[in-house]
Amino acid sequence: MSSLPEDSAAVPWRPKRLWAPWWLAMLLGGAMGATLTLLRAYREFVIPGAIALALIVLFITVATIMRRQFHPEALEPPVSLSYVLWMVLLVFLVGPVQVMLLPANPQEIVIKALSLSAGISLCIYGADRALFASFARPRNPKPAS
C-alpha cells in the first residue's frame, strides 16, 4: 500500500499522484539551500546562482501546471492552517535567515547550506502534503437509510 494519495486513473497500472515524492522535495530543497547559501557567501556566484534559482522556479511552475491539468480539483484547493504554517516557515528560511546568518568561513558555509537544504526540503514536502491533504482523505458515501 502506498503512502501517497491516488485517484482512479484511466490506466490502472499508472495511478495519478496528488503530491510530489519525498526525493523530489529533497532535490529541490538541496538545490535551493546550496544556491541561496552560495549566493550570499560569494560574489562570483551571483550569475550562476540566479540562473540556478530561475531554473528551479521554472521547474516548479511547469510541474504545478502539469499537475493541475491532471487534477482539476487542485485549481482551488482549500488552504489549511498547516499549509500556511509551512509556507511561513519556508519564507522565513529563504528570506530573513539569509540576512541574519552570514557565514564567515567555509565550515559555516557548509553547515548553513546543509541546514537550509534540510529545512527547505522539509518545508516543501510539508506544504505540498498539506495543500493536497483534503483530496487524500477517502470520501465515504453516506449509508442508505
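This one's a predicted model, so the numbers in the text were calculated from it and none came from an experiment. (Residues numbered from 1 in each chain as written. Predicted model: local features only at pLDDT ≥ 70, side-chain atom pairs only at ≥ 80, totals over all residues. Heavy atoms only, no water.)

**Remarks on the overall build of the chain**
And then number 1: Assigned secondary structure in the chain consists of six helices and two strands.
And then number 2: N-terminal to C-terminal, the α/β element order of the chain is β-β-α-α-α-α-α-α.
And then number 3: Here the chain, with 145 residues, has 29% of them falling under the buried criterion.
And then number 4: Summed over its atoms, the accessible surface of the chain is roughly 9,900 Å², and 71% of this surface lies on carbon and sulfur atoms. (Helix = DSSP H or I, 4+ residues; strand = E, 2+ residues; numbered from the N terminus. Buried < 20%, exposed > 50% of the residue type's maximum accessible area, 1.4 Å probe, protein only. Areas by Shrake-Rupley, 256 points an atom, 1.4 Å probe, with all protein chains shown as cover.)

**A short note on the packing of helix α1 (residues 22–41) against helix α5 (residues 106–131)**
And then number 1: It is at 7 Å that the axes of α1 and α5 come closest, and there the two elements cross at 140 degrees. In this view, α1 runs oblique relative to α5, as classed from their interaxial angle. The way α1 lies across α5 gives a crossing that is right-handed.
And then number 2: By residue class, the composition of the contact of α1 with α5 is 15 nonpolar, six polar and one charged. (Axes fitted to C-alpha atoms, helices over the stretch in contact; angles between N-to-C directions. Parallel < 35°, antiparallel > 145°, perpendicular 65-115°, else oblique. Left-handed = near helix turned anticlockwise from the far one by under 90°. Nonpolar A, V, L, I, M, F, W, Y, C, P; charged D, E, K, R; others polar.)

**Thoughts on the confidence of the model for the chain**
And then number 1: Chain-level statistics for the chain give a pLDDT mean of 78 and a share of 76% at 70 or above.
And then number 2: Mean pLDDT in the chain bottoms out at strand β1 (residues 6–7), which sits at 49, and peaks at α5, which reaches 90.
And then number 3: Here residues 7–11 is a poorly scored stretch, pLDDT under 50, and it has nine contacts once near neighbours within four places are set aside; other chains count. (pLDDT = per-residue confidence, 0-100. Contact = heavy atoms within 4.5 Å.)

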